[in-house]
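# Observations on chain architecture
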Amino acid sequence: MKQSSPFAVRTVVILVVGGALLLLASILMSGFGDEIARATGDAPAADRKDGAGYHAFQRLVTAMQPPEFTDVDPRENAAILILTPTEATRPEDIKAIVDKRVAMASALSGGDDFVAEEGHPLLRYPTLIILPKWQVEKLPLQGGRVQRTGEADSGKLAKLVPADVDWHREDRSDVGVVTDDYPALRSFALPDRALNAVAGDSITVMIGARDGAAVLGQVGTSDTFVLVDPDLVNNRALADERNAKAALAMLRAIDPEHDGRALFDRSLHYTRGERNLVKLLFLPPFLGVTLALIAAAVLAGIAAAGRFGPPMREKRAVAAGKRALIDNIVALTRLAGRTPLVGPRYADMMLELLSRRLLAGEAPSADRLDRVHPGYADIDRRLRDARTEGAALAAAKDLTAWKKETGA
């Protein structure tokens, strides 16, 4: 008895193709997962409207102190570039942006040697880094609202500052504005909680504490500035008008020559991830080789599916069994061209057999059998008149049905 497969061919094909696609997706996710997470994750802090974002600051800057040129890469714009990294931002990404702006300022000024000889000041490309402070999670079914789950890791945050610094926590009552060197600064309405600050030999304090730690500081004599505590300028803070005015004054103090014009950078949120073997295989120049190998594997699978199947057993030269014997007789009859004679011969044989069973020794007669059960005479006539295999086979089937009805 032939056993049928538990799955249809179409089902097997769908399972195989689906499994291959899932495997490919798993491989791609393992290699490009970090980049996908950056591209599809939370919006950059400058666009977020929750309390820890800077959407209000971004709108304030756009309305009051926008950059003169907006058709160039923000990292190449002479306006203050505001970086809003997250706890997961890599320090080298921040350093790359800062170094690029320093190099542009030097190149557009004629080079460091030219500046030193001529005494001309370098062109300014200031950068303001606003460090994160809070870890947040979205509240379900409440739009863009979030709740704080804790503070960010201070060890990671200190590495985001392009200088050697020590991390501090300062009481709000000890924090004030240094007005001697930066008279344009205004006091912020400080938050209820303690403020984050950093201290180091290379940090010039602009807003700081009594112990010398900087809440807002300048990295050496460069045009790189760090706002250590974002609670002075985030959306929650700018609900207070005093903080909005102080934020604009802070930008003017950083770049008084251009009235504190600024714009926000979003590239840190979409930076490229680490290099790995999967990226090497699925990015140029090796992408073509990878696609060729995948296509070769698919074609090999299709060829294998059409070539292989259930194992074939060697057939007997002469098949065994009654059915095989009958099949052989039929085949020989066809080869001999005797098929048109099958009908009359079969009619004679069945007439004699049925008469012996149903007529109790009387002479074989189609009419007598028809009186026993109507219909036999017509079938007998059709068998004798049959000149094709199809006509004889149809009459033989009717005769079999007649036998079942009479019980012969």
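### With respect to the packing of helix α10 (residues 342–358) against helix α13 (residues 389–406)
- Direction vectors running N to C along α10 and α13 enclose 10°, while the axes themselves pass 11 Å from each other. Put simply, α10 runs roughly parallel to α13. In contact with Gly343, Tyr346, Met350, Leu354 and Leu358 of α10, α13 contributes Ala392, Ala396, Leu399, Trp402 and Lys403.
- Of the residues contributing to the contact of α10 with α13, the split by class is 8 nonpolar, 1 polar and 1 charged.

### Comments concerning the pattern of salt bridges
- Per the counting criterion, the structure on display carries 23 salt bridges.
- Across the pair aspartate 240 and arginine 242 runs a salt bridge, and its minimum N-O distance is 2.8 Å.
- A salt bridge links arginine 381 to aspartate 378; the shortest N-O distance between them is 2.5 Å. Of this pair, arginine 381 and aspartate 378 both sit in helix α12 (residues 376–385), 3 residues apart, roughly one helical turn.

### Concerning helix α3 (residues 91–108)
- Across its 18 residues, α3 extends 26 Å between first and last C-alpha, which sits within 8% of the 26 Å expected from 1.5 Å per residue.
- When α3 is considered as a whole, its buried residues turn out to be Asp93, Ile94, Ile97, Val98, Arg101, Met104, Ala105 and Ser106.

### Quick look at unusual backbone geometry
- Across the junction of proline 284 and proline 285, the peptide omega takes the value 10°, indicating a cis bond.
- Topologically, proline 285 is positioned in the loop between α7 (277–282) and α8 (287–307).
- The phi dihedral of aspartate 259 is positive, around 60°, even though this residue is not glycine.
- Take aspartate 259: its relative accessible area is 40%, and that puts it in the partly exposed class.

### What to know about the side chain of glutamine 65
- Considering the arrangement of structural elements, one finds glutamine 65 in the loop between α2 (55–64) and β1 (80–83).
- A polar contact is formed between the side chain of glutamine 65 and the backbone oxygen of glycine 260, at a distance of 2.8 Å.
- Dropping the residues within four chain positions of it, glutamine 65 is found in contact with Leu60, Leu248, Leu251, Arg252, Asp259, Gly260, Arg261 and Ala262.

### With respect to the pairing of strand β7 (residues 195–199)
- Within β7, 5 of the 5 residues are buried, leaving the element largely enclosed by the surrounding structure.
- Side chains Leu195, Ala197 and Ala199 project from β7 onto one buried face, and the interleaved Asn196 and Val198 project onto a second face that is buried too.
- Across 5 bridges, strand β5 (residues 166–170) lies against β7 in antiparallel orientation. Bridged to histidine 168 within β7 is alanine 197.

Cut-offs and rules
- Residues numbered from 1 in each chain as written.
- Predicted model: local features only at pLDDT ≥ 70, side-chain atom pairs only at ≥ 80, totals over all residues.
- Heavy atoms only, no water.
- Axes fitted to C-alpha atoms, helices over the stretch in contact; angles between N-to-C directions.
- Helix = DSSP H or I, 4+ residues; strand = E, 2+ residues; numbered from the N terminus.
- Parallel < 35°, antiparallel > 145°, perpendicular 65-115°, else oblique.
- Contact = heavy atoms within 4.5 Å.
- Nonpolar A, V, L, I, M, F, W, Y, C, P; charged D, E, K, R; others polar.
- Salt bridge = Lys/Arg side-chain N within 4 Å of Asp/Glu carboxyl O.
- Expected span 1.5 Å × (residues − 1).
- Buried < 20%, exposed > 50% of the residue type's maximum accessible area, 1.4 Å probe, protein only.
- Polar contact = N/O pair within 3.5 Å; in protein donor to acceptor, adjacent residues only side chain to side chain.
- Pairing = 2+ DSSP bridges.

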